[in-house]
Amino acid sequence: MEKISVGILGATGMVGQRYIKLLDNHPWFEVTYVAASPRSAGKLYKDAVASRWLIGSDIPQGVANLTVQDANDASLALGKCKFVFSALEMGKEEIKALEEAYAAEGIPVVSNASANRWTDDVPMLIPEINSAHLDIIKKQQAHHGWDKGFIAVKPNCSLQTYMMPLYALIRAGYPVKRMIVTTLQAVSGAGYPGVSSFDMIDNIVPYIGGEEEKTERECLKILGTVSGEKIQNATAPVVSSTCTRVPVIDGHTATVSLEFDLPEDKKPSLEEIERVWTEFSSVPQELKLPSAPDHAIVVRHEENRPQPRRDRETEKGMACVIGRLRKCNVFDVKFVALSHNTKRGAALGGILNAELLKAKGFFDNL
Ligand code: NAP
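Everything numeric here is computed off the predicted structure, so don't read it as measured data.

A. Region of interest: the side chain of threonine 12. Tracing the chain through its elements places threonine 12 in the loop between strand E1 (4-9) and helix H1 (14-22). Given the relative accessible area of 8%, threonine 12 is considered buried. Discounting chain neighbours no more than four positions away, the residues touching threonine 12 are Gln17, Ala36, Ser40, Tyr45, Ala48, Val49 and Arg52.

Dropping the structure here:
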């Protein structure tokens, strides 16, 4: 099978580097185009990232000698790649305009940025949960008059720690009314160079700008339904979150307490919850997408797991690893969940979105 050529916008950044590493030898996609800010444009990729290549192995040969282009000019990508991953870090309005410019050129955009997450006709995908939201893409194209281009986005990385177990319970007939979430987020989530070492070593920072709002709102769009010309948000659960930055390189952890919207005698037991999670399987597994984990949720029983260093690579960094499931004295149950923020939460999650789009025919006529 001929591989589909792909470009990375923001290729020099934390998430962009992950894309380049994870797409090396990908069975369906091949990186043929890299773009970043005007500061990097014109340099060979290997020179642009020389002092800041953060992935623990060499830059893939096929990319090292590509010349970095200016991501601000979408027309430069024409003829060089069929679609792009967007891992840009710049002003929201600038990213929104830029992603639309690529789509208008006929180049689909699979984005990690937050700029288009709240655009009504843009799907915010976790393929195990809301692949049905792909239905909105035709409407998005019609709204803009785009024939091949479109935009699909990923949610914030912190949500990946608890969306899968939450959704698995809802799908099994156990609706959730309220949740309290405290995240312990890795420093790689802030990009490079990110938070200063003086703030991070021997410390915890109890604030991440904008993150609590994302954590509390994005889950409602993901759990929503396509209705007419837009995605209609779900109304539950109500989420209250506290987001903190901790001195961990990769792997976001969350402590979660939740309350079911069910009478006492209909609430699931701890054993039933564990069964639901352990048996959870969905569209990416059915379609056998290359980056799909065999087990999207992995439950551990040790009293001191999950831990970022020990558990973040579970299922190639694509699993939600859960431990410490127990009764909650305030709500119904509580647990600790972990996911790899630059893999499931960023680049590999974006690649899984692209694999879903390809499997569903959205790249057929590029
Ligand atoms: P990062 O390390 O700061 O990288 C930012 C990238 O954007 C670099 O390639 C940079 O190019 C480029 N850029 C900056 N200003 C630009 C401009 N004016 N024009 C064109 N390109 C510009 O950020 P990151 O952590 O990789 O995050 C990238 C995106 O993914 C962000 O939107 C972030 O919110 C999202 N995200 C990150 C994570 C995570 O875990 N890190 C998770 C989920 C989503 P230069 O190198 O040339 O400056």
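Let's pick the thread back up.
B. Broad picture of the nonpolar core. Of all hydrophobic cores here, the largest spans 57 residues; its most connected members are Tyr102, Met163, Met179, Leu258 and Trp277. Broken down by element, the residue count for this core peaks at six residues, all from helix H7 (residues 163-171). Mapping this core onto the domain boundaries places at least three of its residues in each of domain 1 (4-154 + 347-359) and domain 2 (158-339). Those residues in contact with tyrosine 102 that lie beyond four places of it in its chain are Leu9, Ala71, Asp73, Ala74, Ala77, Val84, Ile107 and Val109. Among the nonpolar cores identified, the runner-up in size contains 43 residues, and Val6, Val63, Leu357 and Phe363 belong to it.

C. Broad picture of helix H6 (residues 136-144). Within the sequence span of H6, burial applies to Ile136, Ile137, Gln140 and Gln141. Buried residues in H6, looked at end-on, bunch into an arc of 140°, giving them a common side. Of the exposed residues in H6, those oriented more than 90 degrees away from the buried face are Lys138 and Ala142. On its buried face, H6 is in contact with strand E6 (151-153), strand E8 (225-227), strand E9 (230-232) and helix H14 (343-359). Residue glycine 145 follows H6 closely and has a positive phi angle near 75°.

D. The arrangement of the side chain of lysine 154 in detail. Mapped onto the elements, lysine 154 comes out in the loop between E6 and H7. As a buried residue without a salt bridge, lysine 154 has its nearest oppositely charged side chain in glutamate 218, at a separation of 7.8 Å. Among the polar contacts made by the side chain of lysine 154, one reaches the main-chain carbonyl oxygen of glycine 345 at a distance of 3.0 Å. Those residues in contact with lysine 154, other than ones at most four positions away along the chain, are Ser111, Asn112, Arg117, Met124, Leu125, Gln160, Arg344, Gly345, Ala346, Gly349, Gly350 and Asn353.

E. Representation of the domain arrangement of the protein chain in the model. On domain assignment, one finds that the protein chain holds domain 1 (4-154 + 347-359) and domain 2 (158-339). One C-alpha centre belongs to domain 1, the other to domain 2, and the line joining them spans 25 Å. Tallying the contact residues gives 38 residues for domain 1 and 36 residues for domain 2. Summing both partners gives a buried area of about 3100 Å² for domain 1 against domain 2, and 67% of it is carried by carbon and sulfur. Among the residues domain 1 hides against domain 2, the three largest losses belong to Trp118, Glu128 and Ile129. Together they make up 24% of the total. Put simply, domain 1 and domain 2 have two salt bridges between them. At the junction of domain 1 and domain 2, the tally comes to twelve residue pairs in polar contact (both at pLDDT 80 or more). Mapped onto the side of domain 1 that touches domain 2, the elements with two or more residues apiece are H1, helix H5 (127-130), H6 and H14. Element by element, the count of residues in the side of domain 1 that touches domain 2 is highest for H14, at seven residues.

F. A look at the packing of aromatic side chains. Across all of its chains, the model carries twelve aromatic pairs by this definition. Seen from their ring centres, tryptophan 28 and phenylalanine 29 are 6.3 Å apart, and the 85° between their planes marks the pair as edge-to-face. Aromatic side chains tyrosine 174 and phenylalanine 260 sit 6.4 Å apart centroid to centroid with 70° between the ring planes, which places their arrangement in the edge-to-face category. Of this pair, tyrosine 174 sits in the loop between H7 and strand E7 (176-185) while phenylalanine 260 is found in strand E11 (residues 252-260), placing the two residues 86 residues apart along the sequence. Residues tyrosine 174 and phenylalanine 260 agree in their burial class; the two are buried. Through a chain of ring-to-ring contacts, the aromatic side chains of Tyr19, Trp28, Phe29, Phe83, Phe85, Phe150, Phe362 and Phe363 assemble into a single cluster. Above the ring of tryptophan 118, the side-chain terminus of arginine 217 is found at 4.0 Å from the ring centroid.

G. Structural view of the UniProt feature "domain: Semialdehyde dehydrogenase NAD-binding" (unreviewed entry) in the protein chain. Here the UniProt feature "domain: Semialdehyde dehydrogenase NAD-binding" (unreviewed entry) sits at residues 5-137. Within residues 5-137, the helical portion is 27% and the strand portion 17%, while the C-alpha atoms at the span's ends are 21 Å from each other.

H. A look at the site of the ligand. By nearness alone, 27 residues border the ligand, and Thr12, Val15, Ser37, Ser40 and Leu88 come closest of all. Here the ligand has 900 Å² of accessible area as a free molecule, and 87% of this is covered by the chains. Of all elements in the fold, only H1 and H14 reach the threshold of two or more residues within the shell around the ligand. Residues belonging to the shell around the ligand are distributed by class as follows: eleven nonpolar, 13 polar and three charged. Domain assignment of the residues forming the shell around the ligand places at least three in each of domain 1 (4-154 + 347-359) and domain 2 (158-339).

About the thresholds
Here the residue numbers are simple positions, counted from 1 along each chain's written sequence. Given that this is a predicted model, residues contribute local features only at a pLDDT of at least 70 and side-chain atom pairs are listed and counted only at 80 or more, while totals for whole chains, interfaces and linings are drawn from all residues. Think of the side-chain values as coming from all heavy atoms in the structure, minus any hydrogens and water. The secondary structure listing takes helices from DSSP runs of H or I that are at least 4 residues long and strands from runs of E that are at least 2 residues long, numbered from the N terminus. Burial status follows relative accessibility: with a 1.4 Å probe on protein chains alone, a residue under 20% of its type maximum counts as buried, one over 50% as exposed, and anything between as partly exposed. Residues are treated as being in contact if the distance between any of their heavy atoms lies within 4.5 Å. In this text, buried Ala, Val, Leu, Ile, Met, Phe, Trp, Tyr and Cys residues form a nonpolar core when linked through side-chain atoms within 4.5 Å. As annotated, the domain borders come from an automatic or database domain assignment. As used here, the arc is the angular range of directions from the helix axis to the C-beta atoms. Here the positive residues are Lys and Arg and the negative ones are Asp and Glu; neither His nor the chain ends is included. A side-chain nitrogen of Lys or Arg and a carboxyl oxygen of Asp or Glu constitute a salt bridge if their distance falls within 4 Å. The term polar contact refers here to a pair of N or O atoms within 3.5 Å; inside protein, the definition further demands a hydrogen-donor-capable atom paired with an acceptor-capable atom, and it admits residues adjacent in sequence only when both atoms are side-chain atoms. Joining two parts hides part of their accessible area as seen by a 1.4 Å probe, and the buried area is that hidden amount summed over both. Here is the rule: rings of Phe, Tyr and Trp (six-membered ring for Trp) pair when centre to centre is within 6.5 Å. Planes less than 30 degrees apart are stacked, more than 60 are edge-to-face, and the remainder are tilted. The rule is short: NZ of Lys or CZ of Arg within 6 Å of the ring centre and within 35 degrees of the ring normal puts a charge over the ring. UniProt positions are given in the numbering used here, feature names are shortened, and annotations may be inferred rather than shown by experiment. Definition of nearness: a residue and a molecule or strand are near each other if at least one heavy atom of the residue lies within 4 Å of the molecule or strand. Where accessible areas are quoted, they stem from the Shrake-Rupley method and a 1.4 Å probe; at the residue level, only the protein chains shown are allowed to cover. As a working rule, the residues Ala, Val, Leu, Ile, Met, Phe, Trp, Tyr, Cys and Pro are called nonpolar, Asp, Glu, Lys and Arg charged, and the rest polar, with Gly in that last group.

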